[in-house]
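# Observations on the model geometry
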Amino acid sequence: MVFCKEKRNFAASKRKALVMKAYQPYGITEKDYRQAQPLIDAAQAFAQTSYQTIYIIDYFSDRFLYVSDNPIFRCGRTIEEIMAEGYGFFVGNTTEEEAPLLAEIHEASLAALGEVAMEEKRRCLVSYDFHLVTDMRRLLVNHKLTPLALDGSGKVWLALCVASFSARREMGHVQFYQLLTKKFSEYSIAEHRWVERKEMVMKPEEKEMLVLSSRGYSVGEIAEIMHKSEDTVKLYRKQLFDKLDAGNITEAMAYAVNYGLL
């Protein structure tokens, strides 16, 4: 599916208007931007060690403050164009049917962050999957967002965004984690609301199995180390994959580390 330039620009403009209306930090000065330079430098250093695409979104000016140079997720756009569009870049370059859902997810995520105590905001993480359209291909992307800097009232001024290939098969899977309090919610697109879920807790056997698997041990080797049968190890793995909604050991390990389960 290919989007014409006018349609893409319309979507980006619509997204910009929504963000400016619903979520606008205030009181950010030139001094604040100078003090934010170390955050940009850290993001750039991180991007040099990762295949993922790193963004810093600036909600005060409604643009990206930093975009790493990864051509896979640029959709044929220049870094300057992406920086100017901000989050509208994603809405303008997704599929037509997903564009309003992506805007809704983003609005819901900002609203959820607004309900969190100021001292906890920087320890929150939002994760969701959607399609980017680039060179006549649809790429299913996982997008994570976490606050970096707040304004005086506690609204998110800067947020770190990480885009990578999703291991799932469809868009959605919208999850909100409060890592300090271990609260976990999922956004129901059908019901247009967050639904709180039980805290994810890994059993000691699941943790051991996951760590050993990530080190390259086979099921048989893990069974021997844990003094369990191979069928038991396979059961641990299945239960863990179901619990984390993961498709493989790499994805399960990433979830466990990101969400403080190990």
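These remarks concern the structure in this document. (Residues numbered from 1 in each chain as written. Predicted model: local features only at pLDDT ≥ 70, side-chain atom pairs only at ≥ 80, totals over all residues. Heavy atoms only, no water.)

So, about helix H7 (residues 204-214). Within the sequence span of H7, burial applies to Glu 206, Met 209, Leu 210, Leu 212 and Ser 213. Around the axis of H7, the buried residues are gathered within 170 degrees of arc, so they sit on the same side. Phi for Gly 216, located one or two positions after H7, is positive at around 95 degrees. (Buried < 20%, exposed > 50% of the residue type's maximum accessible area, 1.4 Å probe, protein only. Helix = DSSP H or I, 4+ residues; strand = E, 2+ residues; numbered from the N terminus. Arc of directions from axis to C-beta.)

This part covers the pairing of strand E2 (residues 63-67). Summarising burial for E2: four of the five residues are buried, a large majority. As judged from the four bridges shared by strand E1 (residues 53-58) and E2, these two strands associate in the antiparallel manner. Counted as the bridge partner of Asp 58 is Arg 63 from E2. The turn linking E1 back onto E2 is made up of four residues, and Asp 62 within it adopts a positive phi angle of 55 degrees. (Pairing = 2+ DSSP bridges.)

When you tally the buried positions in strand E6 (residues 172-178), you get six out of seven residues, the bulk of the element. The pairing of strand E3 (residues 124-134) with E6 spans five bridges and is antiparallel. By the bridge assignment for E6, Asp 129 is matched with Gly 172. As defined by bridge partners, E6 adjoins strand E7 (residues 183-188) across four bridges and the pair is classed as antiparallel. Bridging across to E7, Gln 178 finds its partner in Lys 183. Counting the residues between successive antiparallel strands, the hairpin from E6 to E7 contains four residues, one of them, Lys 182, with a positive phi of roughly 65 degrees.

Taken as a whole, this structure holds seven salt bridges when the rule is applied. The partner of Glu 191 in a salt bridge is Arg 193, and the shortest N-O contact between them spans 2.7 Å. As a salt-bridge pair, Asp 242 and Lys 238 come within 3.0 Å of each other at their nearest N and O atoms. Of this pair, Asp 242 and Lys 238 both sit in helix H9 (residues 230-244), separated by four residues, roughly a single helical turn. Taken together, the shared-partner salt bridges in this structure form one network comprising Arg 77, Glu 81 and Glu 85. (Salt bridge = Lys/Arg side-chain N within 4 Å of Asp/Glu carboxyl O.)

Taken together, the side chains of Tyr 51, Ile 72 and Phe 165 make up a nonpolar region of the molecular surface, amounting to roughly 320 Å² of accessible area. When you line up the elements, Ile 72 lands in the loop between E2 and helix H4 (79-85). (Patch = residues over 30% accessible without salt bridge, like charges linked within 9 Å, V, L, I, M, F, W, Y side chains within 5 Å. Areas by Shrake-Rupley, 256 points an atom, 1.4 Å probe, with all protein chains shown as cover.)

Moving on, we come to the nonpolar core. Counting residues in hydrophobic clusters, the biggest one holds 38 residues, and the most contacted among them are Tyr 55, Phe 64, Phe 90 and Tyr 128. Here the element with the most residues in this core is helix H6 (residues 99-114); it accounts for seven residues. For Tyr 128, the residues in contact, after removing those within four places along its chain, are Tyr 87, Leu 102, Ile 105, His 106, Val 141, Asn 142, His 143, Gly 172, His 173 and Val 174. (Core = buried A, V, L, I, M, F, W, Y, C linked by side-chain atoms within 4.5 Å. Contact = heavy atoms within 4.5 Å.)

Let us look at the sheet that holds E7. What the eight strands build is an open sheet, ordered E2-E1-E5-E4-E3-E6-E7-E8; its pairing is antiparallel. Lying at the two open borders of the sheet, with one neighbouring strand each, are E2 and strand E8 (193-197). For this sheet, the mean inter-axis angle between neighbouring strands, taken without regard to orientation, is 30 degrees. Helix H3 (residues 37-47) rests against E1, E2, strand E4 (137-150) and strand E5 (156-165) of the sheet, and its axis sits at about 160 degrees to E1. Strands in contact with H6 are E3, E4, E5, E6, E7 and E8; relative to E3, the strand with the most contacts, it is inclined by about 165 degrees. (Axes fitted to C-alpha atoms, helices over the stretch in contact; angles between N-to-C directions.)

Purely geometric numbers; function is a separate question.
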